[in-house]
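Read off the chains here:
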Amino acid sequence: MRIIDLSSHIDASAYEADPVTHEVLTAAQGAEHMAEQLKARLGIEFDVSVLRDSEFLTLDRISLTSHTGTHVDAPSHYGSKTTYGNGIPRHIDEMPLEWFHNPGVKLDVRGHGTGVIGVEVLEKEFARIGYTPKPMDIVILDTGAAEHAGTQTYFTDYTGLDGPATNFLLDLGVKVIATDAFSLDAPFPDIVKRYLQTKDESVLWPAHFAGRDREYCQIERLANLEALPDFGFTVVAFPVKIKGAGAGWTRAVALLDD
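Everything numeric here is computed off the predicted structure, so don't read it as measured data.

Cut-off values and rules
Residues numbered from 1 in each chain as written. Predicted model: local features only at pLDDT ≥ 70, side-chain atom pairs only at ≥ 80, totals over all residues. Heavy atoms only, no water. Buried < 20%, exposed > 50% of the residue type's maximum accessible area, 1.4 Å probe, protein only. Helix = DSSP H or I, 4+ residues; strand = E, 2+ residues; numbered from the N terminus. Pairing = 2+ DSSP bridges. Salt bridge = Lys/Arg side-chain N within 4 Å of Asp/Glu carboxyl O. Arc of directions from axis to C-beta. Contact = heavy atoms within 4.5 Å. Axes fitted to C-alpha atoms, helices over the stretch in contact; angles between N-to-C directions. Parallel < 35°, antiparallel > 145°, perpendicular 65-115°, else oblique. Nonpolar A, V, L, I, M, F, W, Y, C, P; charged D, E, K, R; others polar. Core = buried A, V, L, I, M, F, W, Y, C linked by side-chain atoms within 4.5 Å.

Caption draft 1: Seen up close, the pairing of strand β7 (residues 138-142). The buried fraction of β7 is high, at five of five residues. Of the strand pairs in this sheet, strand β5 (residues 101-108) and β7 are connected by five bridges, and their pairing is parallel. Bridge pairing links V105 to V139 in β7. Here β7 runs beside strand β9 (residues 176-179); their pairing, made up of four bridges, is parallel. Looking at β9, one finds that L141 is bridged to T179.

Caption draft 2: Spotlight on the pattern of salt bridges. Summed over all chains, the structure comprises eleven salt bridges. Close ionic contact of R90 with E215 constitutes a salt bridge, the shortest N to O distance being 2.8 Å. With R90 in the loop between β4 (71-73) and β5 and E215 in the loop between α5 (206-209) and β10 (217-220), this residue pair connects regions lying 125 residues apart in the sequence. Relative accessible area serves as the criterion here: at 29%, R90 is assigned to the partly exposed category. By relative accessible area, which is 18% here, E215 ends up buried. Connected through shared salt-bridge partners, E125, R128 and D230 make up one network.

Caption draft 3: Focus on unusual backbone geometry. If you check the backbone angles, M136 has positive phi at about 80° while not being a glycine. Relative to the helices and strands, M136 is located in the loop between α2 (119-129) and β7. Assessed through its relative accessible area of 26%, M136 is described here as partly exposed.

Caption draft 4: View of α2. What α2 keeps buried is the set V121, L122, E125, F126 and I129. The buried residues of α2 occupy an angular sector of 140° when the element is viewed end-on, so they sit on one face. Of the exposed residues in α2, the ones pointing more than 90 degrees away from its buried face are E120, K124 and A127. Against the buried residues of α2 lie β5, β6 (115-117), β7, β8 (159-161), α3 (163-171) and β11 (231-236).

Caption draft 5: Up close: the packing of α2 against α3. One way to put it is that α2 packs onto α3 with a least axis distance of 8 Å and a crossing angle of 45°. Taken together, the axes of α2 and α3 are oblique relative to one another. Taking contact as the criterion, the partners of V119, L122, E123 and F126 in α2 are, on α3, P164, A165, F168 and L169. Across the contact of α2 with α3, the residue classes break down as seven nonpolar, no polar and one charged.

Caption draft 6: Seen up close, the nonpolar core. In terms of nonpolar packing, the biggest core is built from 24 residues, with L6, I140, L222 and L228 touching the most fellow members. Looking at this core, the elements that each hand over two or more residues are β7, β9, β10, β11 and β13 (253-256). Setting aside residues up to four positions removed in sequence, L228 forms contacts with I4, L6, K106, I140, F233 and A254. Counting residues in each nonpolar core, the second largest holds 22 residues, with V109, I117, F168 and L170 among its members.

Here you go:
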């Protein structure tokens with residue numbers, strides 16, 4: 001079995017719409033920090049020179065959003081109310097793990113430019129690969145956006161799903177839709193521009209807002225999709241268990257039998 005990494009980096013040196021800060025305490029600084037904490041909290045004096053090279057452990061302090069890097073969007077990310085269930089969307093720590101370990105299907109939707117694609121594009125892809133997603137399959141959109149990761153273009157130029165296409169996949173029993181782009185919806189500037197031109201509210205984040213009526217999750221900011229076949233692999237993308245959060249990071253991988 002091969003394990004194919006589908007995750008993008010969390011990189012403080014790369015361009016992010018919400019910048020990441022990453023502070024590293026060296027092993028020497030970690031020793032001083034440990035000694036200071038022992039004295040401040042427990043009144044214990046400790047001489048760090050007794051440690052080899054006067055070093056203890058490194059420590060990383062990172063500030064970022066739960067939507068930085070490869071992550072899973074929970075239903076509570078889409079809004080505070082639902083039209084299904086008890087009307088309250090579930091947070092990421094409440095989602096069933098069974099959703100995130102399932103057969104994967106990759107759809108090649110590269111070359112469609114900035115904006116949205118509809119049902120006809122998905123149907124054409126199903127015909128091309130000779131496979132239609134089954135209930136609980138994880139559908140992955142290869143938009144080609146990953147090649148721009150770390151640049152401003154990654155956030156402004158990519159392809160998303162329109163509302164009918166999103167619901168089309170959900171009607172097939174899909175619970176998790178994934179993409180290599182920043183969002184399953186079109187870029188913010190494209191959405192707002194089309195709304196201002198048409199005053200059509202259906203163009204406003206239709207893929208996300210579909211989650212107010214249908215319970216499902218999105219995986220965003222995947223990478224390395226060129227290493228995947230069209231189908232015949234398993235996706236594993238368990239989200240980090242952040243209590244009460246609308247999203248959680250994941251080290252998404254594909255398992256492929258050789």
